[in-house]
Protein chains: 2
Amino acid sequence: MSSYKDKKVITIGVMSELTGLSERKIRYYEERKLIYPDRTSGGTRKYSFLDVERLLDIAEKMEDGMQTFEIRRMEQKKMKNKELRERMLRGQLNAAFNMRKG
Amino acid sequence: MSSYKDKKVITIGVMSELTGLSERKIRYYEERKLIYPDRTSGGTRKYSFLDVERLLDIAEKMEDGMQTFEIRRMEQKKMKNKELRERMLRGQLNAAFNMRKG
DNA sequence: CGTGTAAGGAATTCTGACACG
DNA sequence: CGTGTAAGGAATTCTGACACG
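Quick look at the structure, then. (Residues numbered from 1 in each chain as written. Chains lettered and ligands numbered in written order. Predicted model: local features only at pLDDT ≥ 70, side-chain atom pairs only at ≥ 80, totals over all residues. Heavy atoms only, no water.)

### A word on the interface of chain B and chain A
1) Next: Every contact between the two is made by 12 residues of chain B and, on the other side, 12 residues of chain A.
2) Next: Both sides of the chain B and chain A interface together cover about 1200 Å² of buried area, and 72% of this is carbon and sulfur.
3) Next: Of all residues in chain B, B:Tyr4, B:Val9 and B:Phe49 give up the largest surface area on contact with chain A, accounting jointly for 54% of the area buried on that side.
4) Next: Taken together, the links from chain B to chain A amount to 2 salt bridges.
5) Next: A salt bridge links B:Lys46 to A:Glu17, with the shortest nitrogen-to-oxygen separation between them at 3.9 Å.
6) Next: For the interface between chain B and chain A, the tally reads 2 residue pairs in polar contact (both at pLDDT 80 or more).
7) Next: Of all the elements in the fold, those that place two or more residues in the side of chain B that touches chain A are helix 1 (12–19) and helix 3 (49–63) of chain B.
8) Next: With 3 residues, helix 1 of chain B is the single largest residue contributor to the side of chain B that touches chain A.
9) Next: In the side of chain B that touches chain A, the residues fall into 6 nonpolar, 1 polar and 5 charged. (Contact = heavy atoms within 4.5 Å. Buried area = accessible area lost by both parts, 1.4 Å probe. Salt bridge = Lys/Arg side-chain N within 4 Å of Asp/Glu carboxyl O. Polar contact = N/O pair within 3.5 Å; in protein donor to acceptor, adjacent residues only side chain to side chain. Helix = DSSP H or I, 4+ residues; strand = E, 2+ residues; numbered from the N terminus. Nonpolar A, V, L, I, M, F, W, Y, C, P; charged D, E, K, R; others polar.)

And the structure:
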């Protein structure tokens, strides 16, 4: 399940280079709950490649004039829809399974 | 061709955690030409996930009592064999192709 | 040879704040 | 709201060297 993509290993400086975003922006998006780095024991932020993709996506939306709370709302909706689809899929599978059984 | 696995983004501290090797060892293996990190403009080392795998492989060989120069020699042999196989494969493909043509 | 360590300095990162708009 | 910046401090990393074996 977890792979290199999810490993939190990238410092904010490298992150800044990878995304083209200033460190200030990256920290701010964290403050606005758009991204969640890990921390070293000393407090230094660590990001994953998935976070790189997230930030690029966020950057694009910001350029389109979207506000951070809107982006956050969109993310939440996506999550909810995903859960919903999964629950429905499981429901259908269970139904089909029970039909065969009984 | 290149993916997350080859991106040099990991600092030596994280590298040390990921591999369980001391920073001293990691720097020494570089000195012995077993690993080649990139550098930031400021001189800080940056490693890739492929480097993580390399280091784990090196660590295993060191535990088996192998010396750094032997490990290095093994790597070179592997490279040469790989090139040889590829050349031979290309040769056979070319031969087959020419047979059809002429 | 391979690795630990103390040393001094430089690069990197952190937080909270002020500024502007 | 979103972002730049200067400030002071702390965490991280760097190199060259000495030590031991």
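### Some points on the pattern of salt bridges
Residues and elements named next belong to chain A.
1) Next: The tally for this structure, following the rule as stated, stands at 20 salt bridges over all chains.
2) Next: Glu-30 is the partner of Arg-45 in a salt bridge, and the nearest nitrogen-oxygen pair spans 2.7 Å. Of this pair, Arg-45 sits in strand 2 (residues 45–46) while Glu-30 is found in helix 2 (residues 23–31), placing the two residues 15 residues apart along the sequence.
3) Next: Overall, Arg-45 belongs to the buried group, its relative accessible area being 17%.
4) Next: A salt bridge links Glu-75 to Lys-61, with the shortest nitrogen-to-oxygen separation between them at 3.8 Å. Here the residue Glu-75 occupies a position in helix 4 (residues 68–101), and Lys-61 occupies one in helix 3 (residues 49–63), the gap between them amounting to 14 residues. (Buried < 20%, exposed > 50% of the residue type's maximum accessible area, 1.4 Å probe, protein only.)

### A closer look at the relation of the copies chain B and chain A
1) Next: Its rotation angle being 180°, the transformation that places chain B on chain A also includes 0.0 Å of axial translation and leaves an RMSD of 0.0 Å. Such a turn and shift between the copies fits a two-fold axis. Measuring from the rotation axis to each C-alpha of chain B, the shortest distance belongs to B:Ile10, at 2.9 Å.
2) Next: Mapped onto chain A, 100% of the interface residues of chain B are again interface residues, and the two copies thus contact each other with one and the same surface. (Least-squares fit on C-alpha atoms with pLDDT ≥ 70 in both.)

### Topic: the packing of helix 1 (residues 12–19) of chain A against helix 3 of chain A
Residues and elements named next belong to chain A.
1) Next: One way to put it is that helix 1 packs onto helix 3 with a least axis distance of 10 Å and a crossing angle of 50°. In terms of axis orientation, helix 1 runs oblique to helix 3. For the pair helix 1 and helix 3, the crossing hand works out as right-handed. Counted together, Met-15, Leu-18 and Thr-19 of helix 1 and Phe-49, Asp-51, Val-52, Leu-55 and Leu-56 of helix 3 form the full contact between these two elements.
2) Next: Taken together, the residues of the contact of helix 1 with helix 3 sort by class into 6 nonpolar, 1 polar and 1 charged. (Axes fitted to C-alpha atoms, helices over the stretch in contact; angles between N-to-C directions. Parallel < 35°, antiparallel > 145°, perpendicular 65-115°, else oblique. Left-handed = near helix turned anticlockwise from the far one by under 90°.)

### A word on the nonpolar core
1) Next: Within the largest apolar cluster, 34 residues are counted, with the highest numbers of intra-cluster contacts made by A:Ile10, A:Leu55, B:Ile10 and B:Leu55.
2) Next: Secondary structure elements with two or more residues in this core: helix 1, helix 2 and helix 3 of chain A together with helix 1, helix 2 (23–31) and helix 3 of chain B.
3) Next: Contacts of B:Ile10, omitting those with residues within four sequence positions, involve A:Val9, B:Met15, B:Leu18, B:Arg45, B:Lys46, B:Tyr47, B:Ser48, B:Phe49 and B:Val52. (Core = buried A, V, L, I, M, F, W, Y, C linked by side-chain atoms within 4.5 Å.)

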